[in-house]
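Coordinate inspection notes
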Amino acid sequence: MHPFLGLIRHDLRLAARQGGDIGLVLGFFVLAVVLFPFGIGPEPELLRRAAAGIVWVAALLAAVLSLDRLFAADYADGGLDLIALSVMPLEMAVLAKGAAHWLTTGLPLVVVSPLLGLLVNLDSAALPSLVLGLLLGTPAMSLIGAIAAALSLGARRPGVLLTLLVLPLYLPPLIFGTLAVEASLSAEGARAHLLLLAALTVAAVPLAPLAAAAALRQALD
Amino acid sequence: MRALPEPAELVGEELACRRGERLVFEGLGFRLEPGGALVLTGPNGSGKSSLLRLLANLLAPAAGRLLWRGVPIEADPAAYRTAIHYVGHLDGVKPALSPREMLGFWAALRGERGPTVDAALAAFGIEHIADWPCRWLSAGQRRRLALARLIAAPAPVWLLDEPSAGLDADGEARLTAAIASHRASGGRVAVATHQPIALSGATVLALERFAAAPRDAFPV
């Protein structure tokens, strides 16, 4: 088996064996969305206008919550040494870790997002652009998150540092994701914003592994 | 100008290692021939583990250079990575996975495709626990599992940090046998150890001889 696929399979197997992690992320996502109507009131019109932002912000926070386990466990138990010494470049290993992270967090978030959209009264005509936006944007979030996760290794409070590092970097997907939902209800259409989300992911695939691998080398030294 | 070193060997020249502000060792040199063994000795803190991480290219030397087959390793790190196995203090074993799954993963990381996992489990006598979750393993069994990596995917250079820590007599015998057969087929091994280890014809590298003078602390 190619080391790239071997690493993805290993991470997926770990996630499946420790099912709590995926459950935690999904549970957080659902709860965060459900809390909003209690906070801003149950008026359908108000919720309808805020719906896209609520779902996107909640998805983003849920993704952040899961990032600390991306490298921290491997860093603590020495597994990261072996990944760094594998026959593939460290950049490719980061891409594999990011792919496994997306499959275990981004994809489940995408799958449940239409339900949560309906829960906060999102116009059903806007659901496709919400799902498609998350589908295009979450891979970039996993990969950008990998940079922050690698940078925070060895810090005294890695979880807090990671959150501070990554939330500003998540602004572009958040902006284009919510704009895509709004635009899909107007004559403008969501296409331009969805293309920008896709561009973010396409740019993150080669660039984020470079940065994250450099940070990992620093952490191992 | 001196002649190029013979190919097919690992050479360290004037290596120095810095951890934080402290220079751990300096001016360290060695040659590791095919079939050779290097035993690193020295008191705690003399830099045995640091030297092994440096040899694994996980640490960058503060000075000096490492040559693999006559080429500086930073010139072709990918080729050097495929040539080495590193077994450190931390074993990277996941409690939720089984020894068979761990070895399969490690072999995949080394680009190994063949069904070598069973042979590796047998070489360290852990085939009967191959499908347990690793959280049930004792410290010695985890150490055997980490060492089984060496067999699951072949590599010409083994870098072993205190490999016999936690092993019983049977485990040590299996380790000695694995090292002997590795060397007999032209492999090289560098071992950091406190215990006397049965390695015939090994070069002993006493790290305290390369300890950096504490010149920063005591200016003259």
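Cut-offs used in this document
Residues numbered from 1 in each chain as written. Chains lettered and ligands numbered in written order. Predicted model: local features only at pLDDT ≥ 70, side-chain atom pairs only at ≥ 80, totals over all residues. Helix = DSSP H or I, 4+ residues; strand = E, 2+ residues; numbered from the N terminus. Rg over C-alpha atoms; globule rule 2.2 N^0.38 Å. Contact = placed C-beta atoms within 7 Å. Nonpolar A, V, L, I, M, F, W, Y, C, P; charged D, E, K, R; others polar. Pairing = 2+ DSSP bridges. Axes fitted to C-alpha atoms, helices over the stretch in contact; angles between N-to-C directions. Expected span 1.5 Å × (residues − 1). Bend = angle between axes of the 7 residues up to and from the residue. Buried ≥ 20, exposed ≤ 12 C-beta atoms within 10 Å, placed from the backbone. Core = buried A, V, L, I, M, F, W, Y, C linked by C-beta atoms within 7 Å. pLDDT = per-residue confidence, 0-100. Parallel < 35°, antiparallel > 145°, perpendicular 65-115°, else oblique. Left-handed = near helix turned anticlockwise from the far one by under 90°.

Broken down by element type, chain A carries 10 helices and zero strands. Counted from the first residue to the last, chain A has its helices and strands arranged as α-α-α-α-α-α-α-α-α-α. Against the 2.2 N^0.38 benchmark of 17 Å for 221 residues, chain A shows a C-alpha radius of gyration of 18 Å, consistent with a compact globule. Seen along its three principal axes, the alpha-carbon backbone of chain A occupies a region of about 55 × 35 × 30 Å.

Interface size is commonly expressed as the accessible area that is lost once the parts come together. Across the contact, 22 residues belong to chain A and 24 residues belong to chain B. Every element with two or more residues in the side of chain A that touches chain B is listed here: α1 (3-17) and α5 (79-84) of chain A. Here the side of chain A that touches chain B gets seven residues from one element, more than from any other, and that element is α1 of chain A. When its residues are assigned to classes, the side of chain A that touches chain B shows 11 nonpolar, six polar and five charged.

With that settled, consider the pairing of strand β1 (residues 10-19) of chain B. Residues and elements named next belong to chain B. Inspection of the sheet shows β1 paired to strand β2 (residues 22-32) by seven bridges, in the antiparallel sense. The residue bridging glycine 12 from the neighbouring strand is phenylalanine 30, located in β2. Where β1 folds back onto β2 in an antiparallel hairpin, the turn is made up of two residues, including glycine 20, whose phi is positive at roughly 65°.

A few words on the sheet that holds strand β4 (residues 63-68) of chain B. Strand-to-strand pairing in sheets goes through backbone hydrogen bonds, with the strands running parallel or antiparallel. Residues and elements named next belong to chain B. Strand order in the open sheet made by the four strands is β2-β1-β4-β5, with antiparallel pairing throughout. In the strand order of this sheet, the two ends are held by β2 and β5 (71-72), each with one partner. Each of β1, β2 and β4 is contacted by helix α1 (residues 48-55), which is oriented at about 125° to β1, the strand it contacts most.

Our focus in this paragraph is the environment of leucine 207 of chain A. Positionally, leucine 207 of chain A belongs in helix α10 (residues 191-220). Between the alpha carbons of leucine 207 of chain A and glutamate 91 of chain A there is a distance of 9.4 Å; along the sequence they are 116 residues apart.

Next up on the list: the sheet that holds strand β3 (residues 37-41) of chain B. Residue and element names in this part refer to chain B. With respect to topology, five strands assemble into an open sheet ordered β6-β7-β8-β3-β9, the strand pairing being parallel. The sheet is open, and its two edges are formed by β6 (84-87) and β9 (203-206), each paired on a single side. Each strand axis lies, on average, 15° off the axis of its neighbour in the sheet, ignoring direction. In the sheet, β6 pairs with strand β7 (residues 157-161) via four bridges, with the strands oriented parallel. Bridged to valine 87 within β7 is leucine 160. Across the sheet, helix α5 (residues 139-152) lies against β6 and β7, angled at about 175° from β6, the strand it touches most.

We now examine helix α7 (residues 127-151) of chain A. All names here are of chain A. The end-to-end C-alpha distance of α7, which contains 25 residues, comes to 35 Å, matching closely the 36 Å that a straight helix rising 1.5 Å per residue would cover. Along its length, α7 reaches its greatest deviation from straightness, about 30°, at glycine 137, and the proline proline 139 lies no more than four positions downstream. The element α7 is extensively covered by neighbouring structure, given that 20 of its 25 residues are classed as buried.

Among the nonpolar cores identified, the biggest contains 137 residues, and Val55, Ala59, Ala150 and Leu216 of chain A together with Ala148 and Leu159 of chain B are the most heavily contacted of them. Not counting residues up to four positions away in its chain, the partners in contact with leucine 159 of chain B are Leu52, Leu55, Ala56, Ile84, His85, Tyr86 and Ala190 of chain B.

Moving on, we come to the confidence of the model for chain B. Residue and element names in this part refer to chain B. The predicted model of chain B averages 86 in pLDDT, with 91% of residues at 70 or higher. Across residues 1-6, where pLDDT falls below 50, the model places four contacts with residues more than four positions away in sequence or in other chains. Our summary of model confidence lists the complex with pTM equal to 0.90 and ipTM equal to 0.87.

Bringing the packing of helix α6 (residues 90-119) of chain A against α7 of chain A into the picture now. All names here are of chain A. Contact geometry of α6 with α7 gives a least axis separation of 8 Å together with a crossing angle of 155°. Taken as axis vectors, α6 and α7 run roughly antiparallel relative to one another. Note on packing geometry: the crossing formed by α6 with α7 is right-handed. Contacts between α6 and α7 involve Val94, Lys97, Gly98, His101, Trp102, Gly106, Leu109, Val110, Ser113, Pro114 and Gly117 on the former and, on the latter, Leu127, Leu130, Val131, Leu134, Leu135, Thr138, Pro139, Met141, Ser142, Leu143 and Ala146. Across the contact of α6 with α7, the residue classes break down as 14 nonpolar, seven polar and one charged.

Now for the packing of α7 of chain A against helix α9 (residues 171-184) of chain A. All names here are of chain A. Direction vectors running N to C along α7 and α9 enclose 170°, while the axes themselves pass 9 Å from each other. Relative to α9, the element α7 is oriented roughly antiparallel. Taken as a pair, α7 and α9 cross one another with a handedness that is right-handed. Every residue of α9 that contacts α7 at Ser129, Leu130, Gly133, Leu134, Gly137, Ala140 and Met141 is listed here: Pro173, Gly177, Ala180, Val181 and Ser184.

With respect to the helices and strands, the residue leucine 171 of chain A is situated in helix α9. For the pair leucine 171 of chain A and phenylalanine 38 of chain A, spaced 133 residues apart in sequence, the C-alpha separation works out to 25 Å.

Our next topic: unusual backbone geometry. All names here are of chain B. In the Ramachandran plot, glutamate 14 falls in the positive-phi region, its phi being about 50° despite a non-glycine side chain. Among the structural elements, glutamate 14 can be located in strand β1. Phi at asparagine 57 takes a positive value of approximately 65°, unusual for a residue other than glycine. Tracing the backbone through its elements, the reader meets asparagine 57 in the loop between α1 and β4. On the basis of neighbour count, asparagine 57 is assigned to the buried category, with 20 C-beta atoms found within 10 Å.

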